[in-house]
Protein chains: 2
Amino acid sequence: MAAPRANMSYRDIKQVVLDRIHNKIWAPDSLLPSETDLAEEFSSTRTTVNRALRELAEEGYLERKRKAGTRVLNSPVRKAQFAIPLVRDEITENGSEYRYALVERTVLPAPAWLCARMDIPQGLDVLHLRCMHYAGSAPFQYEVRWIVPDSVPDVLEADFSCSGPNDWLVQKVPFTNLELSFLATKADQSVAEFLGAQAGDPIFTAERITWLRGQPVTLAKLFFAPGYRMTANL
Amino acid sequence: MAAPRANMSYRDIKQVVLDRIHNKIWAPDSLLPSETDLAEEFSSTRTTVNRALRELAEEGYLERKRKAGTRVLNSPVRKAQFAIPLVRDEITENGSEYRYALVERTVLPAPAWLCARMDIPQGLDVLHLRCMHYAGSAPFQYEVRWIVPDSVPDVLEADFSCSGPNDWLVQKVPFTNLELSFLATKADQSVAEFLGAQAGDPIFTAERITWLRGQPVTLAKLFFAPGYRMTANL
DNA sequence: AAGCCCCTTATGTCTATATATATAGGCATT
DNA sequence: AATGCCTATATATATAGACATAAGGGGCTT
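Residues numbered from 1 in each chain as written. Chains lettered and ligands numbered in written order. Predicted model: local features only at pLDDT ≥ 70, side-chain atom pairs only at ≥ 80, totals over all residues. Heavy atoms only, no water.

**Observations regarding the nonpolar core**
One finds Phe182 and Phe204 of chain A together with Phe182 and Phe204 of chain B to be the most contacted residues of the largest nonpolar core, which totals 70 residues. Residues contacting Phe182 of chain B, with those up to four places away along its chain left out, are Phe82, Phe182, Phe204, Tyr228, Arg229 and Met230 of chain A together with Phe204, Thr205, Ala206 and Met230 of chain B. (Core = buried A, V, L, I, M, F, W, Y, C linked by side-chain atoms within 4.5 Å. Buried < 20%, exposed > 50% of the residue type's maximum accessible area, 1.4 Å probe, protein only. Contact = heavy atoms within 4.5 Å.)

Structure representation (structure tokens):
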């Protein structure tokens, strides 16, 4: 077994612990030695061991409870982290040129489904935008957005003809809560045309609602061009 | 402004820093004071401030670089954490009864696309499974799975008629790396029938590849019943 | 102007130690 | 058997001080 040398960093300790879990030296559901004991074994300190175990717990390998001790979870890694970049970044980091176009801008009373979804009063005027994001000349994402002007000062005066609402909102309005969903939708005629797809094609779709201290701010439906994948590694 | 009292915990400090970012006291792209200075302001220690800032950086609010200092990110690249539970848990936690059925089990030479995708030698025999997961009487998920027997001892003797390969693999084979993708696919005749959908319907699909120390272990395609959403809150 | 070296500085990490807090499990009481 | 209290213990967090390491920037050289 990996003989614990002296001067192990918290990273080393993490690795050793992970190895032992993988090799079932510490089986699922079993209890690890206490931090104090591990610190002694690794000739390290409790602080360092603590950091290692804390991070492994955050990563979903361990479960820790005061007094109860540290336990190996039986089904590890139940969390996948997806970075959710701005479209702009996603495109430019891919080496393509980012291009944006405003398709439509209207102010209208919120439709009933939107009121229900975002919990806003019936008939409130909202800003509705449709826009396209291109990677080079290829369509990348079709964005349908609703913004509650009451929560966003000056949004009705903002100019969205040259840059997208996302860029603007990120600059001007912080948010405190976010709900993000992924789903598959069927391209209707309009979406299909914008994305260069066939009507009826499956479209990977993200739906994003943000709030600022309980106030609903904006809902965005993001339709990705055919072939899009959202990938995470861990 | 919130007058920094003494004895602030790293949580308190995180909150104060977050507030200042939201209130643009520390604007996007601007540099924060050094840990040493903040420690003094909060009458705390550098260690405590360090933990607060480190966690905020992990959460995507700050960017930290040695010598360069700590900077407010202009677009908080918030990371969405998705729980990826075992199907079984996802269904039972929803209050439904979990039911499983094996549809097909074969051993065959790996098709070319699989060899390419998983980086395994041409013509290697692999175990191929198709199974269904039901929530009560409703179809929930159709699973198409490929397992590399070379990496998984005894898998050819395992009985998958009563419980799914996922349950079995979790128990027997740890993994060190995982790639998880979400995408939208079009239901073919077979998938549609299993999921109670129409051929051509958009299907939310997850693709999952796992490795054990560089060795490819298994690839699973998970087709979810129509209407499925993967949701994260933060 | 471009390249190189060195110094300074901010973060990264470790050690050693102390206090706080939740709680499992035992013991006593109802 | 159920309830309530106590205590030992494992984790959670804070403090103080040290050394490690990356990297920005100035100044020198070519």
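Text resumes after the structure shown.
**Looking at the domain arrangement of chain A**
Examined at the domain level, chain A breaks down into domain 1 (10-72) and domain 2 (87-224). Each of domain 1 of chain A and domain 2 of chain A has a C-alpha centre, and these two points are 44 Å apart. (Domains from an automatic or database assignment.)

**Description of the relation of the copies chain A and chain B**
After a rotation of 179° and a shift along the axis of 0.1 Å, chain A superposes on chain B with an RMSD of 0.6 Å. In the structure described here, the two chain copies are related by an operation that fits a two-fold rotation axis. The position closest to the rotation axis in chain A is occupied by the C-alpha of Gln81 of chain A, lying 1.8 Å away. A symmetric contact is evident, with 96% of the interface residues of chain A recurring at the interface of chain B. (Least-squares fit on C-alpha atoms with pLDDT ≥ 70 in both.)

**Topic: the pattern of salt bridges**
This model, assessed by the stated rule, comprises 27 salt bridges over all chains. Close ionic contact of Arg46 of chain B with Glu35 of chain B constitutes a salt bridge, the shortest N to O distance being 2.4 Å. Here the residue Arg46 of chain B occupies a position in helix H3 (residues 46-58), and Glu35 of chain B occupies one in helix H2 (residues 35-41), the gap between them amounting to 11 residues. A salt bridge links Arg117 of chain B to Glu207 of chain B; its shortest N-O distance comes to 2.6 Å. Here Glu207 of chain B lies in strand E8 (residues 202-212) and Arg117 of chain B lies in helix H5 (residues 112-118), a separation of 90 residues in the sequence. A relative accessible area of 29% means that Arg117 of chain B is categorised as partly exposed. Classification of Glu207 of chain B by relative accessible area gives buried; the value is 5%. Taken together, the shared-partner salt bridges in this structure form one network comprising Lys14, Arg51, Glu55 and Glu59 of chain A. (Salt bridge = Lys/Arg side-chain N within 4 Å of Asp/Glu carboxyl O. Helix = DSSP H or I, 4+ residues; strand = E, 2+ residues; numbered from the N terminus.)

**A word on the interface of chain A and chain B**
Counting from both sides, the interface comprises 49 residues of chain A and, opposite them, 49 residues of chain B. Taken over both partners, the interface formed by chain A and chain B buries close to 4,300 Å², and the fraction arising from carbon and sulfur atoms is 50%. If you look at where chain A meets chain B, you find 4 salt bridges. Here Glu207 of chain A makes a salt bridge to Arg229 of chain B, at a shortest N to O gap of 3.0 Å. Broken down by secondary-structure element, the contributors of at least two residues to the side of chain A that touches chain B are helix H3 (46-58), strand E3 (79-83), helix H6 (165-172), strand E7 (177-186), strand E8 (202-212) and strand E10 (230-233) of chain A. Sorting elements by how many residues they give to the side of chain A that touches chain B places E7 of chain A first, with 10 residues. Looking at the side of chain A that touches chain B, its residues break down into 21 nonpolar, 13 polar and 15 charged. Relative to strand E10 (residues 230-233) of chain B, E7 of chain A is paired through 4 bridges, and the arrangement is antiparallel. Among the inter-strand pairings, Ser181 of chain A is bridged to a residue of E10 of chain B, identified as Thr231 of chain B. (Buried area = accessible area lost by both parts, 1.4 Å probe. Nonpolar A, V, L, I, M, F, W, Y, C, P; charged D, E, K, R; others polar. Pairing = 2+ DSSP bridges.)

**Brief notes about the protein's contact with DNA strand D**
Neighbouring DNA strand D are 23 residues, the closest being Glu35, Arg46 and Arg64 of chain A together with Ser9 and Arg11 of chain B. Counting only the atoms of DNA strand D within 4 Å of the protein, the fraction contributed by sugar and phosphate is 66%. Separating a phosphate oxygen of DNA strand D from a backbone N or O atom of Glu35 of chain A is a distance of 2.8 Å. The separation between a phosphate oxygen of DNA strand D and a polar side-chain atom of Arg11 of chain B is 2.8 Å. Contributions of two or more residues to the surface near DNA strand D are made by H3, strand E1 (62-65) and strand E2 (69-72) of chain A together with helix H1 (10-22) and H3 of chain B. Considering each element in turn, the surface near DNA strand D owes the most residues, 4 residues, to H3 of chain B. Of the residues belonging to the surface near DNA strand D, the class tally is 2 nonpolar, 9 polar and 12 charged. (Near = heavy atom within 4 Å. Polar contact = N/O pair within 3.5 Å; in protein donor to acceptor, adjacent residues only side chain to side chain.)

**Quick notes on the protein's contact with DNA strand C**
Contacts to DNA strand C come from 22 residues, most closely from Ser9 and Arg11 of chain A together with Glu35, Arg46 and Arg64 of chain B. Sugar plus phosphate, as a fraction of atoms of DNA strand C within 4 Å of the protein: 69%. Contact distances for DNA strand C include 3.2 Å between a phosphate oxygen and a side-chain N or O atom of Thr48 of chain A. Sorting the residues of the surface near DNA strand C by element identifies helix H1 (10-22) and H3 of chain A together with H3, strand E1 (62-65) and strand E2 (69-72) of chain B as the ones contributing at least two each. In terms of residue count, H3 of chain A provides more of the surface near DNA strand C than any other element does, 4 residues in total. The residue makeup of the surface near DNA strand C, split by class, is 1 nonpolar, 9 polar and 12 charged.

**Notes on the sheet that holds strand E4 (residues 98-109) of chain B**
Here we have 7 strands laid out as an open sheet, ordered E10(A)-E7(B)-E8(B)-E9(B)-E6(B)-E5(B)-E4(B), and antiparallel in their pairing. Edge positions in the sheet fall to E10 of chain A together with E4 of chain B, since each has one partner strand and no second. Across the sheet, the mean angle separating the axes of adjacent strands is 15° when strand polarity is ignored. For E4 of chain B and strand E5 (residues 125-135) of chain B, the ladder comprises 11 bridges, and the chain directions are antiparallel. Each residue of the ladder has a partner; that of Thr106 of chain B, found in E5 of chain B, is His128 of chain B. Sitting on the sheet, helix H6 (residues 165-172) of chain B touches E4, E5, strand E6 (138-147) and strand E9 (215-224) of chain B, and the angle it makes with E6 of chain B is about 50°. (Axes fitted to C-alpha atoms, helices over the stretch in contact; angles between N-to-C directions.)

**Some remarks on the packing of aromatic side chains**
All names here are of chain B. Considering all chains together, one arrives at 27 aromatic pairs over all chains under this definition. Both rings, one in Phe140 and one in Tyr228, keep their centres 5.9 Å apart while their planes meet at 90°; by these two values the pair is edge-to-face. With Phe140 in strand E6 and Tyr228 in the loop between E9 and E10, the pair connects residues that are 88 residues apart, well separated along the chain. We classify Phe140 as buried; its relative accessible area is 16%. Accessibility expressed as a relative area gives 13% for Tyr228, which makes it buried. Judged by centre distance (4.8 Å) and plane angle (10°), the ring pair of Tyr142 and Phe194 falls under stacked. Of this pair, Tyr142 sits in strand E6 while Phe194 is found in helix H7 (residues 189-195), placing the two residues 52 residues apart along the sequence. Overall, the relative accessible area of 1% leaves Tyr142 in the buried class. (Phe/Tyr/Trp six-rings, centres within 6.5 Å; stacked < 30°, edge-to-face > 60°.)

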